Amino acid sequence: MISKQDQETFSLDALRNGDRAEFARVVEAYSPMIYRLGLKMLNNPQDAEDILQETFIKAYRNIGKFDGRSNISTWLYRIGTNEALMSIRRKRPEAISFENPVAHESEPQEPLQIVDWCCLPEEEFLTAEGRARLDEAAARLPANLRVVFILRDIEGLSTRETAQVLDISEMAVKTRLSRARLRLREDLTEYFGQLVEEE
Amino acid sequence: MHRHEECRQLLNSLSDYVDGDLQQELCDEIELHMKDCENCRIVVDTLSKTVSLYQTSADPATVPDDVRERLYHSLNLDEFLKL
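Every value quoted in this text rests on a predicted model; they were computed, and no experiment measured them.

**Notes on the interface of chain A and chain B**
- Counting residues at the interface gives 47 residues for chain A and 41 residues for chain B.
- Counting each side, the surface lost to burial between chain A and chain B is near 4,100 Å², with a carbon and sulfur contribution of 63%.
- Counting the surface chain A buries against chain B, the share from its top three residues, A:Arg20, A:Glu110 and A:Arg181, is 16%.
- In this structure, the salt-bridge partner of A:Lys174 is B:Asp16, at a minimum N-O distance of 3.1 Å.
- The interface formed by chain A and chain B holds 15 residue pairs in polar contact (both at pLDDT 80 or more) in total.
- For the side of chain A that touches chain B, the secondary-structure elements that each account for two or more residues are helix 3 (20-42), helix 4 (45-62), helix 6 (122-125), helix 7 (128-140), helix 8 (143-154) and helix 10 (170-198) of chain A.
- A total of 12 residues in the side of chain A that touches chain B trace back to one element, the largest contributor, which is helix 3 of chain A.

**Brief notes about the packing of helix 5 (residues 72-91) of chain A against helix 9 (residues 159-166) of chain A**
Residue and element names in this part refer to chain A.
- It is the contact of helix 5 with helix 9, at a shortest axis distance of 8 Å, that shows an interaxial angle of 50°. Considered as vectors, helix 5 and helix 9 are oriented oblique to each other. When the axes of helix 5 and helix 9 are compared, the crossing they make is right-handed. Seen from helix 5, the contacting residues are Thr 74, Tyr 77, Arg 78 and Thr 81; seen from helix 9, they are Glu 161, Gln 164, Val 165 and Leu 166.

**A word on the packing of aromatic side chains**
All names here are of chain A.
- All chains considered together, the criterion is met by 9 aromatic pairs over all chains.
- Centroid distance Phe 10 to Tyr 30: 5.8 Å. Interplanar angle 55°. Geometry classified as tilted. With Phe 10 in the loop between helix 1 (2-5) and helix 2 (12-16) and Tyr 30 in helix 3, this residue pair connects regions lying 20 residues apart in the sequence. Like Tyr 30, Phe 10 is buried.
- Feature note: the residues Trp 117, Phe 125, Tyr 191 and Phe 192 constitute an aromatic cluster, connected by ring pairs.

What counts and how
Residues numbered from 1 in each chain as written. Chains lettered and ligands numbered in written order. Predicted model: local features only at pLDDT ≥ 70, side-chain atom pairs only at ≥ 80, totals over all residues. Heavy atoms only, no water. Contact = heavy atoms within 4.5 Å. Buried area = accessible area lost by both parts, 1.4 Å probe. Salt bridge = Lys/Arg side-chain N within 4 Å of Asp/Glu carboxyl O. Polar contact = N/O pair within 3.5 Å; in protein donor to acceptor, adjacent residues only side chain to side chain. Helix = DSSP H or I, 4+ residues; strand = E, 2+ residues; numbered from the N terminus. Axes fitted to C-alpha atoms, helices over the stretch in contact; angles between N-to-C directions. Parallel < 35°, antiparallel > 145°, perpendicular 65-115°, else oblique. Left-handed = near helix turned anticlockwise from the far one by under 90°. Phe/Tyr/Trp six-rings, centres within 6.5 Å; stacked < 30°, edge-to-face > 60°. Buried < 20%, exposed > 50% of the residue type's maximum accessible area, 1.4 Å probe, protein only.

Structure follows, in structure tokens:
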């Protein structure tokens, strides 16, 4: 997704020289993705708006330090995820330990629920309740897994881009994504599995 | 499932398998294993469905007009706000 958005090019020189019109173009292009990131990370529109504003205020202040080695979108995602993680840390300090490796990273959670719910009619997945369950399951993920899942599976970043945004190794991205997905599968099996049994 | 070492090893590769990022040799191994292991087949299918549900149901990225207005205002960029 980054590569698609970066087809729109910006003049780094103009941005560094404080060209407000050029910065407004950056805001126009990338505010939707930062707002969605905030919504998915914090599950609250007001918090998402705070993240959105803080991200672009910091970007504007620090654009002179942006060296252009990464894409502008990667840089904005990095500021946005830091803001989101700091917000979560302020609200629930115990909920996050992003700097530390996930405990037992090499050992994925083993599946506990074995129900084949893929056979459900497609419309069952698209009901308001079904979509709400998807959101709830993602919100239950620990923040350090949730952020990787959102960047990879919602925002569509590659493994390498996600590693750059979070400043972790590609292997750590893969491990955390795998754990997040297995947890989500487990969570969704509780709901969709029940629908299968009711049919 | 817990008793089978092969199933446990498979778990480490499932996410990459779902993404199509696994070497062919490992894909073949997983597919061979799934022929004889119904539980693993179900886990792979439901994991794949989980990922595709999130990827396809993601809301389009948009900023509500009032939020956008306040953003431009906070950045002192009101003159560039095109509604």
